[in-house]
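Each chain, written out:
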Amino acid sequence: MTSIRIGNGYDIHQLVEGRPLILGGVHIDHSLGLKGHSDADVLTHAIMDALLGALSLGDIGHYFPPTDPQWAGANSLKLLGQVHGLILDRGWRIGNIDSVVVAEQPKLKPHIEAMRDRISQVLNLSPDQIGIKATTNEKLGPVGQEQGICSYAVALLTSNS
Ligand code: MG
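Computed from a prediction, not measured in an experiment: that's the story for all the values here.

**So, the layout of surface pockets**
Considered as a void within the structure, the largest pocket measures approximately 230 Å³ in volume. Forming the boundary of the largest pocket are 14 residues, of which Ser 38, His 45, Ile 60, Phe 64 and Pro 66 lie nearest the centre. Every element with two or more residues in the lining of the largest pocket is listed here: strand 1 (3–16), helix 1 (42–54) and helix 2 (60–63). Looking at the lining of the largest pocket, its residues break down into 7 nonpolar, 6 polar and 1 charged.

Pasting the structure below:
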């Protein structure tokens, strides 16, 4: 019998000068970047929280606390690989992931395929199992005022055990 679980994740980081903008493991050329202890890859963080949430394993702050110097500047795709290991160790696999990145600038559409490729490689999935959508916040609120970028993700996990 196949069991299924669903999880959702959310993250937001501030946009600041002097930081790279990394989304889904892709370095995107922009005048501002995301502030954070790690590389502040808000999309990958939301996906990790969705995966952990599906199995009630807590959140990424528990596994990679921002107070721990070993995660300073961490490549979030590597952290995603570790989270994936937790899922596999428990006998679960990913059915699919869907996500949204909300950013007023820059335009993300040209980078979506590269993000899907990076994330699907880390998770050993086909790119068509990774949904990534980009939207703006119609200039409303802090995201709309380009003070930050946020992301939402859901993940479906399956197990045959
Ligand atoms: Mg984060």
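**Description of the packing of aromatic side chains**
Tallied over the full model, the rule gives 3 aromatic pairs. Ring plane angle 50° and centroid distance 5.0 Å describe the contact between Tyr 10 and Tyr 152, whose orientation is recorded as tilted. In this pair, Tyr 10 is assigned in strand 1 and Tyr 152 in strand 7 (residues 148–159), connecting sequence segments 142 residues apart. A relative accessible area of 43% places Tyr 152 in the partly exposed class. Ring plane angle 85° and centroid distance 4.9 Å describe the contact between Phe 64 and Trp 71, whose orientation is recorded as edge-to-face. A residue is classified by how much of its surface remains accessible, and Phe 64, at 10% relative accessible area, is buried.

**Some remarks on the nonpolar core**
Counting residues in each nonpolar core, the largest one holds 46 residues, and the members touching the most others are Leu 23, Leu 51, Ile 119 and Ile 149. Only strand 2 (21–23), strand 3 (26–28), helix 1, helix 3 (76–89), strand 5 (93–102), helix 4 (112–123), strand 6 (130–135) and strand 7 provide two or more residues apiece to this core. The leading source of residues in this core is helix 1, at 9 residues. Beyond its immediate stretch of four places on either side in the chain, Ile 119 contacts Gly 24, Leu 43, Ile 47, Leu 77, Leu 80, Ile 130 and Ile 132.

**Some remarks on the coordination of the magnesium ion**
The protein atoms that coordinate the magnesium ion are Asp 11 (OD), His 13 (NE2) and His 45 (ND1), at distances of 2.0 to 2.2 Å. Linear spacing of the donor residues for the magnesium ion on their chain is D-x1-H-x31-H. Placement of Asp 11 in strand 1 and of His 45 in helix 1 is noted, with a sequence separation of 34 residues between them. Just as Asp 11 is buried, His 45 falls in that class too.

**As for the pattern of salt bridges**
Tallied over the entire structure, the rule returns 2 salt bridges. With a shortest N-O distance of 2.8 Å, Lys 133 and Asp 98 are connected by a salt bridge. Of the two residues, Lys 133 sits in strand 6 while Asp 98 sits in strand 5, which places them 35 residues apart along the sequence. Accessibility expressed as a relative area gives 38% for Lys 133, which makes it partly exposed. With a closest N to O distance of 3.1 Å, Glu 113 and Arg 116 form a salt bridge. Linking Glu 113 with Arg 116, this pair stays in helix 4, spanning 3 residues, or about one helical turn. Under the relative-accessibility criterion, Glu 113 is labelled partly exposed at 47%.

What counts and what doesn't
Residues numbered from 1 in each chain as written. Predicted model: local features only at pLDDT ≥ 70, side-chain atom pairs only at ≥ 80, totals over all residues. Heavy atoms only, no water. 1 Å grid on protein atoms, 1.4 Å probe; cavity = no way out; pocket = protein on both sides within 12 Å on 5 of 7 lines; lining within 4 Å. Points joined across faces, edges and corners; volume = space filled by probe spheres on them. Helix = DSSP H or I, 4+ residues; strand = E, 2+ residues; numbered from the N terminus. Nonpolar A, V, L, I, M, F, W, Y, C, P; charged D, E, K, R; others polar. Phe/Tyr/Trp six-rings, centres within 6.5 Å; stacked < 30°, edge-to-face > 60°. Buried < 20%, exposed > 50% of the residue type's maximum accessible area, 1.4 Å probe, protein only. Core = buried A, V, L, I, M, F, W, Y, C linked by side-chain atoms within 4.5 Å. Contact = heavy atoms within 4.5 Å. Donors = N, O, S within 2.8 Å, 3.2 Å for Na, K, Ca; no water. Salt bridge = Lys/Arg side-chain N within 4 Å of Asp/Glu carboxyl O.

Without other data, these values stay purely geometric and don't point to any function.
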